[in-house]
Amino acid sequence: MSRPVIITCAVTGSIHTPTMSPYLPLTPQAIADQAVEAAQAGAAILHLHARDPATGLPSSDPALFEEIVGRIGARCDAVLNLSTGGSSRMTLDERLAAARRLRPQMCSLNMGSMNFGLFPLAGRYTDWKHDWEPGFLEATRSVIFRNSFEDIETILGDLGGAGGARFELECYDVGHLQTVAFYLEKGLIKAPVFVQFVFGVLGGIDAAPEQLMHMKATADRLLGTNYRFSVLAAGRHQMPLGTMGVILGGHVRVGLEDNLSIARGRLATSNAEQVAKIRRIVEELGHRIATPDEARAELGIGT
Ligand code: KMH
Ligand code: ZN
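Remember, predicted model here, so these are calculated numbers, not experimental data.

**Q** For this particular structure, what's the right way to read the overall build of the protein chain?
**A** Across its full length, the protein chain holds 10 helices and 16 strands. Whereas a compact globule of 303 residues would reach a radius of gyration of roughly 19 Å, the protein chain reaches 17 Å, a difference of no more than 12%. Counting across all 303 residues of the protein chain, residues that qualify as buried make up 55%. Taking as baseline every contact in the protein chain between residues at least 6 positions apart, the subset at least 24 positions apart corresponds to 73%. By element, 53% of the accessible surface of the protein chain is carried by carbon and sulfur atoms, the whole surface being about 12,500 Å². Side-chain charges of the protein chain comprise 28 positive and 32 negative groups, with the mean position of each set lying 3 Å from the other.

**Q** Mind showing me how you'd approach the site of ligand 1 here?
**A** As a structural note, the neighbourhood of ligand 1 is formed by Ile15, His47, His49, Ser83, Gly85, Ser108, Asn110, Glu170, Tyr172, Val198, Arg253 and Glu257. Within the backbone of Gly85, a nitrogen or oxygen atom sits 3.2 Å from an oxygen atom of ligand 1. The separation between a nitrogen atom of ligand 1 and a polar side-chain atom of Glu257 is 2.7 Å. Burial of ligand 1 by the protein amounts to 96% of the accessible area it has alone, namely 300 Å². Within the shell around ligand 1, the residues separate by chemical class into three nonpolar, six polar and three charged.

**Q** Please explain the environment of Gly245 as it appears in this structure.
**A** Tracing the sequence through the fold places Gly245 in helix α8 (residues 238–247). Classification of Gly245 by relative accessible area gives buried; the value is 0%. Sequence separation between Gly245 and Pro209 is 36 residues, and the spatial gap between their C-alpha atoms is 9.4 Å. In this structure Gly245 touches Leu212, Phe229, Val231 and Gly250, once residues within four positions along its chain are discounted.

**Q** Even after reading the chapter, I still don't get unusual backbone geometry, so can you show me in this structure?
**A** Between Ala191 and the following residue, Pro192, the backbone shows a cis peptide bond with an omega angle of -5°. On the secondary structure map, Pro192 appears in the loop between α6 (174–186) and β11 (193–199).

**Q** Explain the sheet that holds strand β10 (residues 166–171) here, please?
**A** Consider a sheet: its strands pair through backbone hydrogen bonds, and that pairing is either parallel or antiparallel. Taking strand neighbours around the barrel as the criterion, the eight strands line up as β2-β3-β6-β7-β10-β11-β12-β13 in a closed arrangement whose pairing is parallel. Mean inter-strand twist for the sheet, computed between neighbouring axes without regard to direction, equals 25°. Both strand β3 (residues 45–48) and strand β6 (residues 79–82) contribute to a ladder of four bridges, which runs parallel. Each bridged residue has a counterpart across the sheet, and for Leu46 the counterpart in β6 is Leu80. Along the sheet face, α8 touches β11, β12 (227–233) and β13 (251–254) and points at about 160° away from the line of β12.

**Q** Honestly, the coordination of the zinc ion (ligand 2) in this entry has me stumped. Any pointers?
**A** Coordination angles at a metal have ideal targets, namely 109.5 degrees for four tetrahedral donors and 90 or 180 degrees for six octahedral donors. Coordination sphere of the zinc ion (ligand 2), protein contribution only: His47 (NE2), His49 (NE2) and Glu257 (OE), at 2.0 to 2.1 Å. Mapping the donors of the zinc ion (ligand 2) onto the primary sequence gives the spacing H-x1-H-x207-E. Here His47, found in strand β3, pairs with Glu257, found in the loop between β13 and β14 (261–263); they are 210 residues apart in sequence, far enough to count as distant. For Glu257, a relative accessible area of 8% corresponds to the buried category.

**Q** What exactly am I supposed to notice about the nonpolar core here?
**A** Note that soluble globular proteins tend to have their nonpolar side chains buried in a common cluster. Of all hydrophobic cores here, the largest spans 69 residues; its most connected members are Leu46, Leu48, Ile72, Phe197 and Phe199. With seven residues, helix α1 (residues 28–41) is the largest single contributor of residues to this core. With sequence-adjacent residues up to four places away left out, Phe197 is seen in contact with Cys171, Leu177, Leu212, Met215, Lys216, Ala219, Tyr227, Phe229, Ser230, Val231 and Leu232. Among the nonpolar cores identified, the runner-up in size contains 18 residues, and Met114, Leu121, Val201 and Leu256 belong to it.

**Q** Just checking my understanding: could you explain the side chain of Lys216 for this structure?
**A** Relative to the helices and strands, Lys216 is located in helix α7 (residues 209–223). Not counting residues up to four positions away in its chain, the partners in contact with Lys216 are Phe197, Tyr227, Phe229 and Leu248.

Definitions and cut-offs
Residues numbered from 1 in each chain as written. Chains lettered and ligands numbered in written order. Predicted model: local features only at pLDDT ≥ 70, side-chain atom pairs only at ≥ 80, totals over all residues. Heavy atoms only, no water. Helix = DSSP H or I, 4+ residues; strand = E, 2+ residues; numbered from the N terminus. Rg over C-alpha atoms; globule rule 2.2 N^0.38 Å. Buried < 20%, exposed > 50% of the residue type's maximum accessible area, 1.4 Å probe, protein only. Contact = heavy atoms within 4.5 Å. Areas by Shrake-Rupley, 256 points an atom, 1.4 Å probe, with all protein chains shown as cover. Lys, Arg positive; Asp, Glu negative; His and termini not counted. Charge placed at Lys NZ, Arg CZ, Asp CG, Glu CD. Near = heavy atom within 4 Å. Polar contact = N/O pair within 3.5 Å; in protein donor to acceptor, adjacent residues only side chain to side chain. Nonpolar A, V, L, I, M, F, W, Y, C, P; charged D, E, K, R; others polar. Pairing = 2+ DSSP bridges. Axes fitted to C-alpha atoms, helices over the stretch in contact; angles between N-to-C directions. Donors = N, O, S within 2.8 Å, 3.2 Å for Na, K, Ca; no water. Core = buried A, V, L, I, M, F, W, Y, C linked by side-chain atoms within 4.5 Å.

Pasting the structure below:
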């Protein structure tokens, strides 16, 4: 049956380094331009990080976020979703600074602490210059992406509640779904919750069809009718697993935060190129893409 499928576009993130792709947007202007283009191509939700325009390093500076949000908001009505994950080297206060100031309609919320291994990327990109912070990717061998229960409750308390943000609940493994169920039962998050199944991060669940079936079966069992899901798969798994998620009744996230390519061996030249590709797939499957307002209605955003 035809239904509106919500495409989220994660525009720049904090994982990829500028030397990996010349198309990765770094400045507020470039991030906003690519975000607006992605919305025009069909993204209803824009997942946003900021970077230091001079170095491309992940930044938590609220002024950069303010500029990005202002530039996008003036040109499209997509749901603006600010990352609270930031990068694994930021403190919680740094990660929350922009959202605390800008009070967005949606924020990401990472549902557990974990290893977040970017170090394999260091070897994979030896063809490219690595003039940006040598050692950054290597250092992820010893860094923990911290999202304690207390951290989660701080984010829910500061940014959620009546009239507050709705959350993109990032679940990197099945155990994170138990945490979603716990806070749903406690009433700290309200149904319908929007769960982002994240596949292929080293330290989390791997990107395999069987694992998507397992995540969905577990979410069905623990969350029943109280959840909607979307699929984010890292790297080359982005489109195949995203497509499978749509077939299973879910939504999908693309964007250069999660994958720099558009096809094997070919860099995506923009975020919009990935959005256009998944849109074609969604429409070929007989569905249509959700408008921003349909996404708001489906996920209870702005209520
Ligand atoms: N980079 C993704 C795998 C966040 O910003 O809060 C997860 C993410 C986290 O988007
Ligand atoms: Zn992110």
